[in-house]
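Architecture and fold: a report
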Amino acid sequence: MPERLLEIEDLRVEFKTRDGIAKVIDNLNISLQTGETLGIVGESGCGKSMTALSIMGLVPIPPGRIAGGRILLDGEDLLQASEPRMREVRGNEISMIFQEPMTSLNPVYSIGDQIAETARLHEGLSRADAMARALEMLRAVGIPAAERRINEYPHQMSGGMRQRVMIAMALACKPRVLIADEPTTALDVTVQAQIFDLLNDLKEKTGTAIIMITHDMGAIAEMAQRVVVMYAGHIIEQADVGQILTDPRHPYTQGLIRCVPHLTQTPSVERPPLLEIPGVVPALSQLGSGCSFAPRCQYADAKCRAEMPPSTAIDSGHDVACWLTEREAAA
Amino acid sequence: MANISIIVVKRILNAAALILAVVILNFLLIHIAPGDIVDTIAGEMGGISPELIAEIRADYGLDKPLYEQLGLYVLRILQGDLGHSFFYDTPVVTLIWDALPQTLLLVITALSLALVIGTIFGVIAARRPNGAFSHLITVLALVGFSAPVFWTGIMFLIAFASFFPLFPPAGMAAPDLQPGSLDYYLDVLHHMVLPVLTLALIYLAFYSRLSRASMLDVLGSDYVRTARAKGLSERVVVYKHALRNALIPIVTIAGLQFAQVLSGAVLVEAVFTWPGLGTLALEAILRRDGPTILGILFFSSVVVVIFNLLTDLTYNLIDPRIRLGSKE
Ligand SMILES: Nc1ncnc2c1ncn2[C@@H]1O[C@H](COP(=O)(O)OP(=O)(O)OP(=O)(O)O)[C@@H](O)[C@H]1O
Ligand SMILES: [Mg+2]
């Protein structure tokens, strides 16, 4: 029986904007198990990063506000935890790497110092021991000539190398959860594959559970065991990766997967034309009472536009929030 | 690298041309102004013969055509000779050289004070960008920057030298004190307070504003977010990770502003009769001491042009270095 490491229950995050309150995350439920990789996918602006920042306790308040819910790490509610306690959690029990490796490292400190800082902070290592740890981590993330590069500054490294440094820094204290927020979006394709391999490899070795945030279904197929699909602050579908790829139920998920045809089809089979989902994510402060995807959905009817569909289990571990499933069941 | 040396040479030639233009302009300005030194001398002696006037004019080369005087002037400057002061009967270079240390004392003290306190203010303001202190800084900066420096100086004089006579109104030290003694230095310190405050105030406002902006910028950066995600305390995030980055533009601008502060000092010195370049300039203007005025104008133009040249060169040199460094 896998242990539930991190559980998010009914999380709601709001932002005060010029046009009113934006419900950036609404009723989010996620559970992450030990040693698992959970993928979170969705278009830009759907609240993926905000979910990650909520777990880290780094939502900018104000203008942000945690409007409700719980985030349980081994049963401890992080939303109720004190700031000193959260500082113990960050970088130690839950680490995060970011989308922008070029700007996420401090330009005025050497990479060795930046990695060692985390180890000194959380494990009270001496400077020498912390540097030894930094070196060990740099080797673990596959940085060549680590003894030399440990003294280099971020601007002396390529984007891929910097992201490796970020990973080394995040894993320096052997966290139980690693949140990777689009770790490869800014990198070119060959480097992307290397980073995925590295993350998979490190996960095998350390048992760290990973929350992999991306809008790339290909990355999900490569990395994740479970997938959460988000749209405009809601989870609209959640299932094991196999189910999502072969049997997506929500029209939005279907659209996402159709955008990447090679995931499901062998090259010999004739492909349908490459499709994209028409329209854009609506402004969060202007969401009505209906399904937030309805304006872009080809199946939408009056009910879809009037009422938000609840999340329904259609299979073991496969939840969908769409009126279509109800219609199909009735038919 | 080749195009960098071309840029450097171009900039230096530009600067040289600029200085030459300044020399010509300064010279013409002085000669357009009605009256010259001979009128002054004649006035002071009270009724002298036209023959004597002509003789003095010939002595100083004032009888030659204007372009010839200009040519001679430029030639002498190239030899490092800024001429001879009629009034002080001393080479102008010596006058400037003697006045410069006092001005530098004023400028460097004021600039350092403004820089340190301004940075502290700015950082405090940036940590609560919508707090009362932050707004106070904005208002202070506006007032400090728009109030003319001589007006601030005179207000200080009225308030702290006359109404509350806490500080001496003029000069640099009591004349009876021996330079080099401790009492002398303490007295200089006492005399320095008001002029330094006057000068520092404008730049304090400026640096508070600048460091507030720079700090806000850095606090919103990705690497500060990374520092927070490591679990570092807010103090370490702000003072270790953010401040050092925020200081880079502040220090750069401070270095480049040096020339500008120097010109501000001229006015402050005039208000407080501080024996530096500014007072020398004022005195020279009142005495119609042409060579001294020209010398000081020339000297300050050269300082400004050189500092501008350094600005240009720093930007041109820093840029490719960063680009080369990030490639690998
Ligand atoms: N400071 C803020 N003020 C107001 N709204 C904000 C703020 N920060 C984020 N948001 C809103 O929160 C929503 C979710 O943003 P988030 O960064 O989580 O998106 P994302 O899914 O990570 O997108 P991306 O793929 O572009 O990274 C967006 O609609 C965004 O406009
Ligand atoms: Mg994001």
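Predicted model only: the values in this text are computed from it and were never measured.

Counting secondary structure elements, chain A contains twelve helices and twelve strands. Along the first, second and third principal axes, the C-alpha atoms of chain A reach 70 × 50 × 45 Å. Looking at chain A as a whole, 54% of its 331 residues are labelled buried. Restricting to contacts in chain A with at least 6 residues of sequence separation, those with at least 24 account for 63%. Charge-centre separation for chain A: the mean point of 31 positive side chains lies 4 Å from the mean point of 42 negative side chains.

So, about unusual backbone geometry. Residues and elements named next belong to chain A. At A145, a position not held by glycine, the phi torsion is positive, near 50 degrees. By the element assignment, A145 lies in the loop between helix 4 (127-140) and helix 5 (146-149). Since its relative accessible area comes to 35%, A145 is described here as partly exposed. In this structure, A232 is a non-glycine residue whose phi angle is positive, near 45 degrees. With respect to the helices, strands and loops of the structure, A232 is situated in the loop between strand 9 (226-231) and strand 10 (234-240).

As a further point, take the pattern of salt bridges. Residues and elements named next belong to chain A. With the rule as written, the count across this model stands at 25 salt bridges over all chains. R85 is the partner of E93 in a salt bridge, and the nearest nitrogen-oxygen pair spans 3.3 Å. Take E93: its relative accessible area is 15%, and that puts it in the buried class. A salt bridge links E123 to R133; its shortest N-O distance comes to 2.8 Å.

Moving on, we get to helix 8 (residues 182-219) of chain B. Side chains three or four residues apart in an α-helix point the same way, a direct result of the helix having 3.6 residues per turn. With 38 residues, helix 8 of chain B should reach 56 Å at 1.5 Å per residue; the first-to-last C-alpha distance of 46 Å falls well below that figure. Helix geometry: helix 8 of chain B is bent most strongly at M192 of chain B, by close to 40 degrees, with proline P195 of chain B lying one to four residues after it.

In terms of burial, helix 1 (residues 48-56) of chain A is largely enclosed, as eight of its nine residues are buried. Of all the positions in helix 1 of chain A, only K48, M50, T51, A52, L53, S54, I55 and M56 of chain A are classed as buried.

A few words now on the nonpolar core. In this structure, I94, I115, L138, I167, I179 and I211 of chain A are the most contacted members of the largest nonpolar core, which totals 78 residues. Looking at this core element by element, the count peaks at eight residues for helix 6 (residues 159-171) of chain A. A domain split of this core shows at least three residues from each of domain 1 (4-93 + 175-262 + 271-330) and domain 2 (103-174) of chain A. The contacts of I179 of chain A, once residues within four sequence positions are left out, are A52, I55, M56, I94, S95, M96, I97, I211 and I213 of chain A. Counting 59 residues, the second-largest nonpolar core is a separate cluster that includes I19, Y73, Y184 and F258 of chain B.

A separate point is the domain arrangement of chain B. Residues and elements named next belong to chain B. Looking at chain B, the domain boundaries give domain 1 (1-87 + 289-328) and domain 2 (92-286). Every contact between the two is made by 18 residues of domain 1 and, on the other side, 15 residues of domain 2. Overall, the association of domain 1 and domain 2 removes approximately 1400 Å² of surface from exposure, summing both partners, and the carbon and sulfur fraction of that is 84%. Of all residues in domain 1, the largest losses of buried area upon contact with domain 2 belong to I296, F299 and F307, amounting jointly to 39% of the total for that side. The interface formed by domain 1 and domain 2 contains zero salt bridges.

The next point concerns the interface of chain A and chain B. A common measure of how large an interface is: the accessible area buried when the components associate. Each partner contributes to the interface: chain A provides 26 residues, whereas chain B provides 19 residues. Here chain A meets chain B over a buried area of about 2100 Å², counting both sides, of which 54% is carbon and sulfur. Contact with chain B buries area across many residues of chain A, yet V108, Y109 and E117 of chain A alone supply 26% of it, more than any other trio. Taken together, the connections running from chain A to chain B amount to three salt bridges. The set of elements that each furnish at least two residues to the side of chain A that touches chain B consists of helix 3 (111-123) and helix 6 of chain A.

A few words now on the pairing of strand 2 (residues 20-33) of chain A. A regular strand carries its side chains on alternate faces of the sheet. Residues and elements named next belong to chain A. Direction of pairing for strand 1 (residues 4-17) relative to strand 2: antiparallel, over a ladder of ten bridges. Residue pairing across strands places E7 opposite S31, the latter belonging to strand 2. Hairpin geometry of strand 1 and strand 2 is characterised by an intervening segment of two residues between the two adjacent antiparallel strands.

Moving on: the sheet that holds strand 1 of chain A. An order of 2-1-4-5 (chain A) is seen for the four strands of this open sheet, with the pairing classed as antiparallel. Two strands bound the open sheet, and with one partner strand each, they are strand 2 and strand 5 (76-77) of chain A.

About the cut-offs
Residues numbered from 1 in each chain as written. Chains lettered and ligands numbered in written order. Predicted model: local features only at pLDDT ≥ 70, side-chain atom pairs only at ≥ 80, totals over all residues. Heavy atoms only, no water. Helix = DSSP H or I, 4+ residues; strand = E, 2+ residues; numbered from the N terminus. Buried < 20%, exposed > 50% of the residue type's maximum accessible area, 1.4 Å probe, protein only. Contact = heavy atoms within 4.5 Å. Lys, Arg positive; Asp, Glu negative; His and termini not counted. Charge placed at Lys NZ, Arg CZ, Asp CG, Glu CD. Salt bridge = Lys/Arg side-chain N within 4 Å of Asp/Glu carboxyl O. Expected span 1.5 Å × (residues − 1). Bend = angle between axes of the 7 residues up to and from the residue. Core = buried A, V, L, I, M, F, W, Y, C linked by side-chain atoms within 4.5 Å. Domains from an automatic or database assignment. Buried area = accessible area lost by both parts, 1.4 Å probe. Pairing = 2+ DSSP bridges.

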